[in-house]
Protein chains: 2
Amino acid sequence: MSRTILAAVMVSTILMSQIEAQAQPSMSLMPQPAHAQLGNGQLLIGPTFSVAITGQKEPRLQRAVELFLTQLGQQIGMPPIDMLMTNSTGATLVIQCAAGTKSVQESGENESYRLEITNSGAKLSAPTTLGVMRGLQTFLQLVTTTSEGFAAPAIVIDDSPRFAWRGLMIDVGRHFIPLDILKRNLDGMAAVKLNVFHWHLSENQGFRVESKTFPKLHELGSDGLYYTQSEVRELIAYARERGIRVVPEFDMPGHSTAWFVGYPELASAPGPYEIERKWGVFDPAMDPTREETYKFLDKFVGEMAGLFPDQFFHIGGDEVNGKQWDANPKIQAFMRAHDLKDNGDLQAYFNKRVQQIVSKHGKTMLGWDEILRPDLPNSIVIQSWRGPDSLAQAAKLGYRGLLSSGFYVDLMWSAERHYLTEPMSGNAADLTQDEQKRILGGEACMWAEYVSPENIDSRIWPRTAAIAERLWSLQDVRDVNSMYQRMEEESLRLEWLGLTHNSSYLPMLRRIAGNDDISALKDLADVLEPVKNYTREQTATEPATSAKPLNRVVDAVRPESATARQFADSVNTLVAGSSRPGTEERVRHLLNRWRDNQLELQPLFEKSLFLKEVAPISQNLSALGTSGLAALDYLDRGEKAPAAWVTQQLAIVEQAKKPQAQLLIMVAPGVERLIQASAGQLATSPLPAK
Amino acid sequence: MSRTILAAVMVSTILMSQIEAQAQPSMSLMPQPAHAQLGNGQLLIGPTFSVAITGQKEPRLQRAVELFLTQLGQQIGMPPIDMLMTNSTGATLVIQCAAGTKSVQESGENESYRLEITNSGAKLSAPTTLGVMRGLQTFLQLVTTTSEGFAAPAIVIDDSPRFAWRGLMIDVGRHFIPLDILKRNLDGMAAVKLNVFHWHLSENQGFRVESKTFPKLHELGSDGLYYTQSEVRELIAYARERGIRVVPEFDMPGHSTAWFVGYPELASAPGPYEIERKWGVFDPAMDPTREETYKFLDKFVGEMAGLFPDQFFHIGGDEVNGKQWDANPKIQAFMRAHDLKDNGDLQAYFNKRVQQIVSKHGKTMLGWDEILRPDLPNSIVIQSWRGPDSLAQAAKLGYRGLLSSGFYVDLMWSAERHYLTEPMSGNAADLTQDEQKRILGGEACMWAEYVSPENIDSRIWPRTAAIAERLWSLQDVRDVNSMYQRMEEESLRLEWLGLTHNSSYLPMLRRIAGNDDISALKDLADVLEPVKNYTREQTATEPATSAKPLNRVVDAVRPESATARQFADSVNTLVAGSSRPGTEERVRHLLNRWRDNQLELQPLFEKSLFLKEVAPISQNLSALGTSGLAALDYLDRGEKAPAAWVTQQLAIVEQAKKPQAQLLIMVAPGVERLIQASAGQLATSPLPAK
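To keep things clear, this report deals only with the structure shown in the data block. (Residues numbered from 1 in each chain as written. Chains lettered and ligands numbered in written order. Predicted model: local features only at pLDDT ≥ 70, side-chain atom pairs only at ≥ 80, totals over all residues. Heavy atoms only, no water.)

### Topic: the overall build of chain A
- The number of helices and strands found in chain A is 27 helices and 20 strands.
- Relative to the compact-globule value of 26 Å for 690 residues, chain A shows a C-alpha radius of gyration of 27 Å, a close match.
- Each principal axis of the C-alpha atoms in chain A carries an extent, and together these give about 80 × 70 × 50 Å.
- For chain A, the residues scored as buried account for 62% of the 690 residues in total.
- Nonlocal contacts in chain A, meaning residues at least 24 apart in sequence, comprise 76% of its contacts between residues at least 6 apart.
- Surface summary for chain A: the accessible area is close to 25,000 Å², and the carbon and sulfur share equals 53%.
- For chain A, the separation between the mean place of its 69 positive charges and that of its 81 negative charges on side chains is 1 Å. (Helix = DSSP H or I, 4+ residues; strand = E, 2+ residues; numbered from the N terminus. Rg over C-alpha atoms; globule rule 2.2 N^0.38 Å. Buried < 20%, exposed > 50% of the residue type's maximum accessible area, 1.4 Å probe, protein only. Contact = heavy atoms within 4.5 Å. Areas by Shrake-Rupley, 256 points an atom, 1.4 Å probe, with all protein chains shown as cover. Lys, Arg positive; Asp, Glu negative; His and termini not counted. Charge placed at Lys NZ, Arg CZ, Asp CG, Glu CD.)

Structure, rendered in structure tokens:
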């Protein structure tokens, strides 16, 4: 394609988006509010912007407005000093807040708000400070660049969340994540109205909180990588300023090797123990038969209950393989003596004892699916990694529950797949209204086998914004295209908060290439995704451990390739015969780049160990580019591709679909569809969703 | 140009750089060490990397090694946990450090080191912990991606600094810069071996440190934007861990309006005073004739001398316009009574009194050029904004001095211009050896009229790395091409420290465009630079103030355009007839993009207020693109361009050279040269250096 045509294509794209943008005031909210009505005109946001707080003025509200002004300042490039908090009702934004909030944030506190913006001013009213916080985030999302400067459109929004519990869990046990990185993720959570930070603090690979009662927990169980109690308090205060609760999790009786390094007597087999370096489910488990175990836990839970003010205390409770129990004659004798038929019974006995301890210290126990046994009181909450059916089962038994199945962001699923995970589906849809109320919400889970401080943001964002919308917005908000469009906008906005999900990408690629010019590597990496689910473990050539650096291509590429998604869209419109001008040029442009990728990248393979493993992938991508271009030529000529050729090309596609270096070429299905179309095998349905 | 040719051009470029890279082991050090000898082979850096400290082990040294491991981990994508500090001499890197450091770092402490790397291990020896710190930074710069993984080349380096005082001044008075941003800049300083952070803490526009003795200083003089004393101590400790001294500056008797908001009695005219919002030199100045002024300063300096441990105390002393003194009859009477002939004499009297106070509190006074008067003791140090001649004059009089003239990074000069600023030039070159010793070094100065937390990194980096090399490396290290090549490498390395000089660019452009697709805007912004020196103030359509947002194109573009520099290089080789394959294609590719820029950008102008002002610039750039392409066509045809056409095109260039929206199109001279060449006006010298 000549430069001139390419330029014309680009211009027409710009013109088109320009026209679309002018057709309606810009509005890209995520999560979607319950009700929004656009008006006429817009409110200019400039250096004379001011905020007034009327009604109650608890310090948390004042602080929320300060934070809002800082974020608004970052977003529009204006120092916060220039924007004033006043008491005047003539302020640009008037906040009317009826009541303050609880001294410790509770699940279910009112978070609703009403935001009215006209071209002369804005009013945010809410029953509580929490509602104001949510409304201020909506306001920030409404501010865009316009021909008159920064502005928010005239609008009336009435909004409140669908679920009270909207969380993000971060596992800091497997890989330690420093405090400042957690803080910026809390900023991201607040931006999409999540309200629970679930802090997975202990694992086989690390115990991450300073314990003054049992100092060997963090001293021997953390490699020195732990949070001091003062840092914990700092994070909790930071979260509170953003309307976020902090729920600690200390996983027991399994997932607890790191505890046993300092306190081997807690385990069901004699030590000594070392911090676990591998990933997986391991044998060590607490000894549920010794009274000393409960004495220890009583003191420990007491200390942590004082440190973490939240009402809920997560005890994990998942994945006990029972091998240490089976092998310990004393434990076997105890089980016989107490009529505990199997390890499930033994763990239920343990959970019951722990629940009494948690309850004694004023907390409500929360745990993973496995803790659900009818002899535990209805007050406990079940977090389900199994799915809506198990939630429904719990709800029928009278237990409250949270959905995390479908929200595991470490599995590298598409945002669409997370987005369409519905807590009220399956058996949950058939629950009575009272039973449904027991489903409190859900949590995105960031398990940390393969995340480092460098790439964790890119594993959490922007996909967690789609989960946040599922949990906040109405059940019928399910338009995937709209979600992607808004999620991409939100992804850019999240950069103002310091999140590095976008900015860490190119530096990682440069390090991999050992070269500053990474245009060819970027073309390749842009269409790759890490393998899904637990395939990375299963296909590793040597066992992965916590000591393994996370600096390979699989650690740098995004969990979901936007290029591949857009390519699939273009191919779909193309083969359906409904493409707009420019679509074919765009598709050809990409196919050309992929075809040439191998040639451009080859000289770098010999220069970098980290590139070598993707050489076959680059080769496969080149082959896909060539196949796709030939298929397009057939389509353009209106000529049916020969069967032999089609067979050959589909074999190339099959080859390209195979995981290599734990990576997938995500544009293979799109090319496959072009080939099928060229063969006259036009399907009427679009490409299957991931 | 067709896609295929373009791809071929790209490939040949890659091949070329590949061949160059293999010809010699990769080594890109900045600043250049005093002596380096490359050996054969390389040392692999992997998960088994370990460090041993032999010799003395002061906590500062241990901490330096911890920081080194953290930074190495960031740089190669490996958690620091995986690398061990051992006591074994079999460690990968053995550190042999003879002596500890002073409890308060002093100017002139030994910073030399010797680094020996073979393919089996590395040894870093130094007389002090400071030398180890410098050597560890050199080690980090040596680690690159290779075909075997990360590695450092076999090498022997003997290194020590040319000047003892190598500083960066940051003005936090005009715009407040939060602590975390200062911290990452300290990381950047340490990376290029700078050792003094000069903290310009008070200005007409803000007093930025908490004072417990005179709390109205920060309470009324800072808009709430100040550092608490605990934050100051935190920053000093942070700097010390990186071998950096912290020198505070409290500017007096001028530049002090912010003091007078809380304490109007200090001024030479009755108040009340308000925090200054405009930029410039203002009338308010302390009253040098009242004893109460010195009583206040005695207590104040006493408090600050306790807070800041460094030996030096900067009193500013610059730019007193004397108007308040002229207008105050009491001050005039005092001057007559004390035989002070002019305001210079009066300020000298003030300085002498302040020097006695500073000295009484155990500190050495430092001030700008103006404080130099023969009646002050030789112990004071002069910081020169006037140039090497004024330094030489001071040295002859027995005073020590620092050069800052030529190192003002706010003036938007090229790195080359800063780099070639030589402290020992002019009259300083003729000083005796003893006199030369009085020139302690220099400081880059970041004055903050036009910097915000968002763009300050891009104003400081990477150009300050060139200044750091001037101050560390030997005087004859002056190869500008080598400097640019290494500075660009260093610029990318600085990203691992969290500096945002690169990553803040695209988000700022997106905000300006109000659009996610900013390819056309980036093409434009890539060739623009802000106007130089003080032109921004002088050409502002309305007076700039501290309340003015810094979100325009001029705030986003880089101080120095790499594209323009590379374009000028290509044009030079082209018109000299010595171009390599691909040069013309690259030049044509750029000219094409510029020609088409206006067409692509136009639709966005109407969408964003912030783009509108660059519309004429885009138009000029398009015209330059068209001119340049036509000139190239003449050159290609070997045809002399007609005189009338040349005159017309040069008029276009002149038009394009005019500042617009406080921006300069930096490729205008390159296009001019193409036109001149096409007219047969080939000069034999390359384009003039900026």
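That was the structure; now back to the text.
### Topic: the relation of the copies chain B and chain A
- When chain B is brought onto chain A, the operation consists of a screw motion whose angular component is 180° and whose axial shift is 0.0 Å, with 0.1 Å RMSD remaining. Classification of the inter-copy transformation places it as that of a two-fold axis.
- By residue overlap, the copies meet face to face through one surface: 98% of the interface positions of chain B are interface positions in chain A. (Least-squares fit on C-alpha atoms with pLDDT ≥ 70 in both.)

### So, the side chain of A:N204
All names here are of chain A.
- Tracing the backbone shows N204 in the loop between β11 (202-203) and β12 (206-207).
- Polar side-chain contacts of N204 include one of 2.8 Å to the side chain of T257.
- Contacts of N204, omitting those with residues within four sequence positions, involve H255, S256, T257, A258, I275, E276, G280 and F282. (Polar contact = N/O pair within 3.5 Å; in protein donor to acceptor, adjacent residues only side chain to side chain.)

### Examining the interface of chain B and chain A
- Listed by partner, the interface residues are 60 residues for chain B and 61 residues for chain A.
- Linking chain B with chain A are two salt bridges, by the criterion used here.
- In this assembly, chain B and chain A are joined by 16 residue pairs in polar contact (both at pLDDT 80 or more).
- Counting only elements with at least two residues in the side of chain B that touches chain A, the list comes to α1 (3-23), α2 (59-76), β7 (144-146), β8 (149-159), α17 (480-494), α18 (505-513), α23 (583-605) and α24 (609-612) of chain B.
- The element that contributes the greatest number of residues to the side of chain B that touches chain A is α1(B), accounting for eight residues. (Salt bridge = Lys/Arg side-chain N within 4 Å of Asp/Glu carboxyl O.)

### Describing the packing of aromatic side chains
Residue and element names in this part refer to chain A.
- This model, assessed by the stated rule, comprises 54 aromatic pairs over all chains.
- Centre to centre, the rings of F207 and F250 are 5.9 Å apart; their planes meet at 25°, and the pair counts as stacked. Remark: F250 occurs in the loop between β13 (245-249) and α7 (257-262) and F207 occurs in strand β12; sequence separation between them is 43 residues. Neither F207 nor F250 differs from the other in exposure class; each is buried.
- By way of ring pairs, the aromatic residues F176, F197, W199, F207, Y227, F250, W259, F300, F308 and F313 are connected into one cluster.
- Sitting over the ring of Y505, R558 keeps its end group 3.8 Å from the ring centre.
- Positioned above the aromatic ring of Y484, the side-chain terminus of R565 is 3.8 Å from the ring centre. (Phe/Tyr/Trp six-rings, centres within 6.5 Å; stacked < 30°, edge-to-face > 60°. Lys NZ or Arg CZ within 6 Å of the ring centre and 35° of its normal.)

Distances and angles like these do not, on their own, reveal function.
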